[in-house]
Amino acid sequence: MAEKKFVGLNGSVEAAELSRDYETAQVFDKVRVGRLGVYFRDGFKTRFLDYPSLERVFIRVQAVNGRMCCATANFEYYRLVFVRGGREIADVMSEKEKEMDAALACIHEMAPALAIGFVGGN
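Residues numbered from 1 in each chain as written. Predicted model: local features only at pLDDT ≥ 70, side-chain atom pairs only at ≥ 80, totals over all residues. Heavy atoms only, no water.

Asker: Outline the state of the cysteines, listing residues and values.
Answerer: All told, the structure shown has zero disulfides when counted by the stated rule. Its sulfur unpaired, C69 is 3.9 Å from the next cysteine sulfur, which belongs to C70. According to the relative accessible area criterion, C70 is exposed, its value standing at 71%. (Disulfide = S-S within 2.5 Å. Buried < 20%, exposed > 50% of the residue type's maximum accessible area, 1.4 Å probe, protein only.)

Right, here's the structure in full:
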């Protein structure tokens, strides 16, 4: 059986070790957090972001105000954002705050040297 293909930061990646890590990774809504990195769907592809290539990971809360015919409704989305070289390179959106918080905590556990959280400017 062929190994599962992943799309990394530098193109397609295919390895038995990655496939095993993907299968055993912890699942948090749309994100899988493994020993080697983070996996998530991006269109028809499965993206793989390895920990050494990342600089920072944080959660961005996006508030959306929806207007309906007779009222308004407020929604919040939680984006798990990945940063490399000072730029946001990917994010995964979810409506489940606890799942995204747990994913971020698991990423910190798997890669303690990785900076966690947002660093704001002036």
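Asker: For the nonpolar core, give the residues involved together with the corresponding values.
Answerer: Of all hydrophobic cores here, the largest spans 21 residues; its most connected members are V33, V57, L80, F82 and I107. Of all the elements in the fold, those that place two or more residues in this core are β4 (31-33), β5 (37-42), β8 (72-84), β9 (87-94) and α2 (97-110). A per-element tally of this core places α2 first, with five residues. Among the nonpolar cores identified, the runner-up in size contains five residues, and F6, L18, Y22 and Y39 belong to it. (Core = buried A, V, L, I, M, F, W, Y, C linked by side-chain atoms within 4.5 Å. Helix = DSSP H or I, 4+ residues; strand = E, 2+ residues; numbered from the N terminus.)

Asker: If you had to explain the pattern of salt bridges to someone new, which residues and values would you point to?
Answerer: Within this structure, the stated rule accounts for four salt bridges. Residue E88 is joined to R60 by a salt bridge in which the shortest nitrogen-to-oxygen separation is 2.5 Å. Here E88 is found in strand β9, whereas its partner R60 is found in strand β7 (residues 56-67), with 28 residues between them in sequence. When the shortest N-O distance is used, the salt bridge between D91 and R79 registers 2.9 Å. Of this pair, D91 sits in strand β9 while R79 is found in strand β8, placing the two residues twelve residues apart along the sequence. (Salt bridge = Lys/Arg side-chain N within 4 Å of Asp/Glu carboxyl O.)

Asker: I'd like a description of helix α1 (residues 16-24), backed by residues and values.
Answerer: Restricting attention to buried positions, one finds in α1 the residues L18, S19, D21 and Y22. Looking straight down α1, one finds that the buried residues subtend no more than 165 degrees of arc, so they occupy a single side. Residues R20, E23 and T24 are exposed on α1 and point more than 90 degrees away from its buried face. On its buried face, α1 sits against β1 (5-8), β2 (11-14), β4, β5 and β6 (45-50). (Arc of directions from axis to C-beta. Contact = heavy atoms within 4.5 Å.)

Asker: Residues and numbers for the sheet that holds β9, please.
Answerer: Strand order in this open sheet of four strands is β9-β8-β7-β10, and the pairing throughout is mixed. Lying at the two open borders of the sheet, with one neighbouring strand each, are β9 and β10 (115-116). Where β8 meets β9, seven bridges bridge the pair, whose relative direction is antiparallel. Bridging from a neighbouring strand, V83 pairs with E88 of β9. Set on the sheet, α2 makes contact with β7, β8, β9 and β10; between it and β8 the angle comes to about 15 degrees. (Pairing = 2+ DSSP bridges. Axes fitted to C-alpha atoms, helices over the stretch in contact; angles between N-to-C directions.)

Asker: Pulling in residues and values, what's your account of the packing of aromatic side chains?
Answerer: Tallied over the full model, the rule gives five aromatic pairs. On the basis of an interplanar angle of 55 degrees and a centroid distance of 5.5 Å, the ring pair of F6 and Y22 is categorised as tilted. Residue F6 is found in strand β1, and its partner Y22 is found in helix α1; the two are separated by 16 residues along the sequence. Comparing F6 with Y22, the two get one shared label, buried. With 6.0 Å between their ring centres and 5 degrees between their planes, F40 and F82 make a pair best called stacked. Of this pair, F40 sits in strand β5 while F82 is found in strand β8, placing the two residues 42 residues apart along the sequence. For the pair F40 and F82, a shared accessibility class is recorded, and that class is buried. (Phe/Tyr/Trp six-rings, centres within 6.5 Å; stacked < 30°, edge-to-face > 60°.)

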